[in-house]
Amino acid sequence: MGADRTKALFLAETGGPITNRTIRARLRQHLQAAQKAGVEVPMFTCHDFRRAFATHFYEEYPEKIEVLRLMLGHQFLATTQRYLRPSRKFIEQQMEDLMGIRLDHLRGDE
């Protein structure tokens, strides 16, 4: 069999793209197995992985939000922004950086 030319990132055992349904079913199975083993795992969905990726990418590269929009396949930036759940630490750091820049500017320390 020749090399599969699919553009899918995740492949099924058959070599073709794995379906969303299969991913959801496997995630559900693993969550149930963890709970049966006594591991407390908050319920989450595959979409939560996408949201987490978007948030972590944004926190690492906030200036590349347009690249993130393209990676997620969103037509509008507003859609991408709805995915983001920045941490309190990230927001505090951004505010501190902004205040430092403004204070330096006011003092003439540019």
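Fair warning: this is a prediction, and the values are worked out from it, not measured in the lab.

## Observations concerning the packing of aromatic side chains
So, step 1. Per the counting criterion, the structure on display carries four aromatic pairs.
So, step 2. Taken together, a centroid distance of 5.3 Å and an interplanar angle of 80 degrees make the contact between Phe44 and Phe49 edge-to-face.
So, step 3. Note on Phe44: relative accessible area 26%, which makes it partly exposed.
So, step 4. Given a relative accessible area of 48%, Phe49 falls into the partly exposed group.
So, step 5. The ring of Tyr83 has Arg51 sitting right over it, with the charged end atom 5.8 Å from the ring centre.

## Some details on the nonpolar core
As a rule of thumb, nonpolar side chains are buried together in soluble globular proteins.
So, step 1. Of all hydrophobic cores here, the largest spans nine residues; its members are Ala54, Phe57, Tyr58, Ile65, Leu68, Leu72, Tyr83, Leu84 and Phe90.
So, step 2. Each residue touching Phe90, except ones within four places of it in the same chain, is listed here: Tyr58, Glu59 and Pro62.

Rules and cut-offs
- Residues numbered from 1 in each chain as written.
- Predicted model: local features only at pLDDT ≥ 70, side-chain atom pairs only at ≥ 80, totals over all residues.
- Heavy atoms only, no water.
- Phe/Tyr/Trp six-rings, centres within 6.5 Å; stacked < 30°, edge-to-face > 60°.
- Buried < 20%, exposed > 50% of the residue type's maximum accessible area, 1.4 Å probe, protein only.
- Lys NZ or Arg CZ within 6 Å of the ring centre and 35° of its normal.
- Core = buried A, V, L, I, M, F, W, Y, C linked by side-chain atoms within 4.5 Å.
- Contact = heavy atoms within 4.5 Å.

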